[in-house]
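Structural overview
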Amino acid sequence: SAVISQKPSRDICQRGTSLTIQCQVDSQVTMMFWYRQQPGQSLTLIATANQGSEATYESGFVIDKFPISRPNLTFSTLTVSNMSPEDSSIYLCSVRGPTNEKLFFGSGTQLSVL
Amino acid sequence: SQQGEEDPQALSIQEGENATMNCSYKTSINNLQWYRQNSGRGLVHLILIRSNEREKHSGRLRVTLDTSKKSSSLLITASRAADTASYFCATEEAAGNKLTFGGGTRVLVKP
């Protein structure tokens, strides 16, 4: 299993500002995944963060809006830039387990943008 | 885009009853997984069924997979109030390494 520490757990931000979310994993992992969950909806993959290379973004998500860092094999950050109320969501980081099948998730960051 | 569609969207049952939810998907898959989410927090993996398996059990959970119909079901037997949560199916497509999540079923178990 993998234990993921994600912070902050929640934040209330003003529009136009940026928020950086951090995820720390208790073991080295090749890929980390960032998901967004809009209110009452399912999870949508934002990007895959690989150590030593640029993150791979899914359709509809761009690096300027959601820059990602992956400085080592246990840590990643996601920044939500120039926020608007439409960015109000839960943001989740996750990693694959040792068998590379199931996902382990952080506890999520509940973001509200006013 | 969403791979899995789940039904029902919401389910309300009495403690002790069984809860069944279904998931349909569109493309060929390596495996299908079910996750639980409590109160909008992180998801917890429940069970994984591979494309060459038809049924799997884990405690009070029973999962079936019908690849010809591209559908799966999750049965929770003898439900408890603590089973109140949202349940999501997720598919790993045969062509890639990503998990794609369904819309989820919100389950309320009344004591």
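Before reading on, note that the structure itself is shown above.
Just so you know, these numbers come straight off a predicted model, no measurement behind them.

**Quick notes on the state of the cysteines**
Tallied over the entire structure, the rule returns two disulfides over all chains. Bridging Cys23(B) to Cys89(B), the disulfide has an S-S length of 2.0 Å. Judged by the sign of its S-S torsion, about 65°, the cystine formed by Cys23(B) and Cys89(B) is right-handed. Placement of Cys23(B) in strand E3 (residues 19-24) and of Cys89(B) in strand E9 (residues 85-93) is noted, with a sequence separation of 66 residues between them. The exposure classification of Cys23(B) matches that of Cys89(B), with both residues buried. For the unlinked cysteine Cys13(A), the closest cysteine sulfur is that of Cys23(A), found at 16 Å.

**Here's the deal with the interface of chain B and chain A**
Across the contact, 20 residues belong to chain B and 22 residues belong to chain A. Between chain B and chain A lies a buried interface of about 1700 Å² when both sides are counted; carbon and sulfur atoms form 45% of it. The tally of links from chain B across to chain A stands at three salt bridges. A salt bridge links Lys98(B) to Glu58(A); the shortest N-O distance between them is 2.8 Å. Along the contact surface separating chain B from chain A lie 10 residue pairs in polar contact (both at pLDDT 80 or more). Counting only elements with at least two residues in the side of chain B that touches chain A, the list comes to strand E4 (29-37), strand E5 (43-50), E9 and strand E10 (99-101) of chain B. Taken together, the residues of the side of chain B that touches chain A sort by class into six nonpolar, 10 polar and four charged.

**Describing the environment of Val95(A)**
Residues and elements named next belong to chain A. Among the secondary structure elements, valine 95 is positioned in strand E9 (residues 89-96). A residue is classified by how much of its surface remains accessible, and valine 95, at 0% relative accessible area, is buried. In this structure the C-alpha to C-alpha distance between valine 95 and serine 1, which are 94 residues apart in sequence, comes to 9.9 Å. Each residue touching valine 95, except ones within four places of it in the same chain, is listed here: Ala2, Ile4, Val25, Val29, Met31, Met32, Phe33, Lys102, Leu103 and Phe104.

Definitions and limits used
- Residues numbered from 1 in each chain as written.
- Chains lettered and ligands numbered in written order.
- Predicted model: local features only at pLDDT ≥ 70, side-chain atom pairs only at ≥ 80, totals over all residues.
- Heavy atoms only, no water.
- Disulfide = S-S within 2.5 Å.
- Helix = DSSP H or I, 4+ residues; strand = E, 2+ residues; numbered from the N terminus.
- Buried < 20%, exposed > 50% of the residue type's maximum accessible area, 1.4 Å probe, protein only.
- Contact = heavy atoms within 4.5 Å.
- Buried area = accessible area lost by both parts, 1.4 Å probe.
- Salt bridge = Lys/Arg side-chain N within 4 Å of Asp/Glu carboxyl O.
- Polar contact = N/O pair within 3.5 Å; in protein donor to acceptor, adjacent residues only side chain to side chain.
- Nonpolar A, V, L, I, M, F, W, Y, C, P; charged D, E, K, R; others polar.

On their own, these measurements won't tell you what the molecule is for.
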